[in-house]
Amino acid sequence: DAGITQSPRHKVTETGTPVTLRCHQTENHRYMYWYRQDPGHGLRLIHYSYGVKDTDKGEVSDGYSVSRSKTEDFLLTLESATSSQTSVYFCAITGEQGPNTEAFFGQGTRLTVV
Amino acid sequence: AQSVTQPDIHITVSEGASLELRCNYSYGATPYLFWYVQSPGQGLQLLLKYFSGDTLVQGIKGFEAEFKRSQSSFNLRKPSVHWSDAAEYFCAVGPGGSNFGNEKLTFGTGTRLTIIP
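Okay, so let's go over this structure.

How each quantity is defined
Residues numbered from 1 in each chain as written. Chains lettered and ligands numbered in written order. Predicted model: local features only at pLDDT ≥ 70, side-chain atom pairs only at ≥ 80, totals over all residues. Heavy atoms only, no water. Helix = DSSP H or I, 4+ residues; strand = E, 2+ residues; numbered from the N terminus. Rg over C-alpha atoms; globule rule 2.2 N^0.38 Å. Buried < 20%, exposed > 50% of the residue type's maximum accessible area, 1.4 Å probe, protein only. Contact = heavy atoms within 4.5 Å. Areas by Shrake-Rupley, 256 points an atom, 1.4 Å probe, with all protein chains shown as cover. Lys, Arg positive; Asp, Glu negative; His and termini not counted. Charge placed at Lys NZ, Arg CZ, Asp CG, Glu CD. Pairing = 2+ DSSP bridges. Axes fitted to C-alpha atoms, helices over the stretch in contact; angles between N-to-C directions. Buried area = accessible area lost by both parts, 1.4 Å probe. Salt bridge = Lys/Arg side-chain N within 4 Å of Asp/Glu carboxyl O. Polar contact = N/O pair within 3.5 Å; in protein donor to acceptor, adjacent residues only side chain to side chain. Nonpolar A, V, L, I, M, F, W, Y, C, P; charged D, E, K, R; others polar.

### Here's the deal with the overall build of chain B
Right, so step 1: Summing up its helical and strand segments, chain B has 0 helices and 12 strands in all.
Right, so step 2: Relative to the compact-globule value of 13 Å for 117 residues, chain B shows a C-alpha radius of gyration of 14 Å, a close match.
Right, so step 3: With the C-alpha coordinates aligned to their principal axes, the bounding extent of chain B is approximately 45 × 30 × 20 Å.
Right, so step 4: Classification of the 117 residues of chain B by burial places 45% in the buried group.
Right, so step 5: Of the contacts formed within chain B by residues at least 6 apart in sequence, a portion of 57% connects residues at least 24 apart.
Right, so step 6: As displayed, chain B has an accessible area near 5,600 Å², and 48% of this comes from carbon and sulfur atoms.
Right, so step 7: In chain B, 9 positive and 9 negative side-chain charges are present, and the distance between their average locations comes to 4 Å.

### Observations regarding the sheet that holds strand β1 (residues 4-7) of chain A
Residue and element names in this part refer to chain A.
Right, so step 1: Read across the open sheet, the 4 strands follow the order β1-β3-β8-β7; overall the sheet is antiparallel. Here the strands that pair on one side only, and so sit at the sheet edges, are β1 and β7 (64-70). Taking each pair of neighbouring strands and ignoring which way they run, the sheet shows an average axis angle of 15 degrees.

### Observations regarding the interface of chain B and chain A
Right, so step 1: Counting residues at the interface gives 23 residues for chain B and 24 residues for chain A.
Right, so step 2: Interface of chain B and chain A: buried area, both sides summed, is about 1,800 Å²; carbon and sulfur atoms make up 56% of it.
Right, so step 3: Joining chain B to chain A, the criterion identifies 0 salt bridges.
Right, so step 4: Across the contact surface, chain B and chain A share 2 residue pairs in polar contact (both at pLDDT 80 or more).
Right, so step 5: If you list the elements that add at least two residues to the side of chain B that touches chain A, you get β5 (32-38), β6 (44-50) and β10 (87-94) of chain B.
Right, so step 6: A total of 4 residues in the side of chain B that touches chain A trace back to one element, the largest contributor, which is β5 of chain B.
Right, so step 7: In the side of chain B that touches chain A, the residues fall into 11 nonpolar, 10 polar and 2 charged.

### Here we look at the pattern of salt bridges
Right, so step 1: Counted by the stated rule, this structure contains 9 salt bridges over all chains.
Right, so step 2: With a shortest N-O distance of 2.8 Å, lysine 78 of chain B and aspartate 85 of chain B are connected by a salt bridge. With respect to burial, lysine 78 of chain B and aspartate 85 of chain B carry one shared label: buried.
Right, so step 3: Via salt bridges that share partners, Arg22, Lys70 and Asp73 of chain A belong to a single interconnected network.

Structural data, given as structure tokens:
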């Protein structure tokens with residue numbers, strides 16, 4: 001299995017609080033992604049990174065920010081959590097071919113905003 | 001922009017029966033195509049992929065998929081399903097080529113497969 005660890009695996013937080021999810025990889029892969037998974041929507045890309053300090057927005061980036069200060073870590077921050085951000089969040093990594101090669105996924109983080 | 005459609009939200013199949021999951025894509029050039037499987041509480045795992053060449057590709061767990069350019073389809077098949085195949089299946093499309101720029105991997109909305117005895 002690819003070495004991808006997401007933390008925490010489960011979190012309940014209150015509306016308006018900031019939340020940070022962490023993705024850690026041991027594969028030295030260049031690309032890292034954050035997706036959210038919701039019923040009826042499949043996986044939607046929030047943000048992605050194509051290198052250290054290089055990030056870009058996905059299709060549902062509003063209310064989220066990311067940082068990548070090291071190759072192995074990609075952080076997703078919900079600046080002020082809202083109930084609409086209740087979801088399952090997945091981190092994924094790919095090698096040099098970016099979207100044209102196999103993506104390896106973490107186990108997911110289930111976030112509930114109350 | 002590329003898009004992926006999985007028209008079936010939920011499919012129920014008897015154990016031992018054959019399976020076909022549908023996937024249609026929209027993209028100007030020849031895309032890279034993928035099928036992923038997600039077991040409950042898990043992340044996604046690659047089943048198979050198509051980049052070029054033989055349009056019938058074999059994957060893990062006895063799955064295969066056929067790329068049909070004329071129909072913009074990449075349907076997933078298995079001749080005989082097992083109870084352990086119960087999961088959610090996602091089709092995905094990548095932009096292809098080496099100059100993919102800011103283009104991303106796009107996922108369909110998924111098909112949930114239920115297996116009955």
